[in-house]
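# Overview (structure and organization)
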Amino acid sequence: MASSVTAAAVANAANSAASPTAGAFKALSYYLAKNEVALYPKWNVYDTLYGSIPWQPNMGSTLTGTTPTPSPVLRTTFMPEVLTSFPKKDQFTVGERTEDASLGMHRFESNRFRFLSNFESFWRDHLSYAQSDIVRQIQTANNIFVRTLMYYQAPDLYISGKGLSSQLSGADVYTRKRELAQADIRKVENGGDSSTDVITGGSAGQTITVSAGNTFRNDIATGGTSAVISEVLTLKEIFKAMLVLQEDIQAPPFDRTFGGPKTSEMVKGKYVLICSTEAWSSLLWDTNLRTGTGTGAATQLAPANLNLLKDGFAGDLFGKVTAKFDPYPLRFSANGDFIAPQTVDSTTGKCIPNSNYTQISAASTTIGSHEIAFLVGADAFKTINVGPPPKEFAGKNMSAKKFYGMKWNGEVHLTDQFLIPTAVGSGVGTTDTALTAQPGDSGTELNVYGDYLKFISQAVIGGIAGDTRYCLPISFLRRRTS
């Protein structure tokens, strides 16, 4: 049977009405916060790697970061003077780069739901599920923000089976991956990046759409020359991309993570591959894993352990790479359009996977058969923490005084401070228990009796580039094991 309230999500709704900033249900606060702490790690993917900037109230509108630059190694040989001679010396200067970025703010709300006097059923049927849903959406939004920076600000992209975009010839001299400034990225609206505006610092012809947008993705899917069309992701291609990070860019591996009580041993000394579970599963049958037994046969790559799973990380590839799974990876069609991962069934009202997102048909202009993974090193970005501090809640000394003195970015509140629709038509009391606005509604009034509640949250979201070369997007053609 179809649900009485259809699942829905509205992105970037206009904030046309004042919203309260705190709830009035203090008795529930600690219970809700503990649940929030437990939920955040489930959806925390990119923020684990780069969410290193602690949020502070009134921290200003601009984020400034200074990145030290080491002195270069210029020697190829070295021989000091003998002790009887006056010694020569080397002198080093450590440089620094300063990056500025404007902070953003976004608000999140659940739909209103009816308050039930029986707390147990109220928690089970309304509070628990509604809170889980808004926490999922907040953390998913923050992770997509970090991923947006990673994709658009990366100066290059590795095309599986072909190589670096910067070293290949695309459809024309303009179509190749370039780094976009955050001012350029703000022109992208929920995946719509076909803008023909010239990128910041670019020359004529170097527009958003050919530098990272729709035209560029169309070129590496089907629209360009055969030299730039993505192939499937294999262990060998991951190894080649890893060599780019390790040898050509000399990106540092990770030594810690953020947003958790402790750093996983899985990530220490390794690069991280962020991909879909589908892409990872296809590697289990990779021919490069096979050890030859016949005459002249040999293993093509060092053994890789794909079965490890700990602290949200998976596998150990070549002793150099571990993986983290993105539940909603970037997928695009043959014409370069990004595809949304979920939709709502018009008949049942249920939230279901988008079939155009899950199917594979390489030539289709509506099916997301192409995907983007990320192979990353440490310090590529720094982003603001969103979510409660897990270390505080992991301790045993949390007092009521300490709890109520805490504030965190994106904190979810329960509130009854909002307007509700009143009578329908000629003033007769409404029988619409969901209080959905209908044609003929005569007006609204304050929810003074507290019959309805909703969850609200406001988050400051922002990030700055460390060294964007340490982030390498990888485009590839999806596949399933047959």
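Given the structure is predicted, the values throughout are model-derived calculations rather than measurements. (Residues numbered from 1 in each chain as written. Predicted model: local features only at pLDDT ≥ 70, side-chain atom pairs only at ≥ 80, totals over all residues. Heavy atoms only, no water.)

## With respect to the pairing of strand β9 (residues 313–317)
Burial within β9 is extensive, with four of its five residues counted as buried. Relative to strand β10 (residues 321–325), β9 is paired through two bridges, and the arrangement is antiparallel. Within the sheet, the bridge partner assigned to Ala314 lies in β10 and is Ala323. (Buried < 20%, exposed > 50% of the residue type's maximum accessible area, 1.4 Å probe, protein only. Helix = DSSP H or I, 4+ residues; strand = E, 2+ residues; numbered from the N terminus. Pairing = 2+ DSSP bridges.)

## Thoughts on the confidence of the model for the protein
Across the protein, pLDDT averages 78, with 71% of residues at or above 70. Here residues 1–5 is a poorly scored stretch, pLDDT under 50, and it has six contacts once near neighbours within four places are set aside; other chains count. (pLDDT = per-residue confidence, 0-100. Contact = heavy atoms within 4.5 Å.)

## Side note on the side chain of Ser110
By secondary structure assignment, the location of Ser110 is in the loop between β3 (104–109) and β4 (113–114). Classification of Ser110 as buried rests on a relative accessible area of 15%. Excluding anything up to four places from it in sequence, Ser110 contacts Ile134, Lys454 and Phe455.

## Regarding the pattern of salt bridges
Enumeration according to the criterion identifies 15 salt bridges in this entry. In this structure, the salt-bridge partner of Glu81 is Lys88, at a minimum N-O distance of 3.7 Å. Linking Arg469 and Asp467 is a salt bridge whose minimum nitrogen-to-oxygen distance equals 2.9 Å. Exposure remark for Arg469: the relative accessible area of 38% places this residue in the partly exposed category. With relative accessibility at 15%, the residue Asp467 sits in the buried group. (Salt bridge = Lys/Arg side-chain N within 4 Å of Asp/Glu carboxyl O.)

## So, the pairing of strand β7 (residues 271–275)
Of all five residues in β7, five are buried, a share of seventy percent or more. Residues Tyr271, Leu273 and Cys275 line one face of β7 and the alternating positions Val272 and Ile274 line the opposite face, and both faces are buried. Bridge count between β7 and β10: five bridges; the pairing is parallel. Paired with Ile274 across the two strands is Lys324, which belongs to β10. Direction of pairing for β7 relative to strand β14 (residues 370–376): antiparallel, over a ladder of three bridges. The residue of β14 that forms the bridge with Val272 is Val376.

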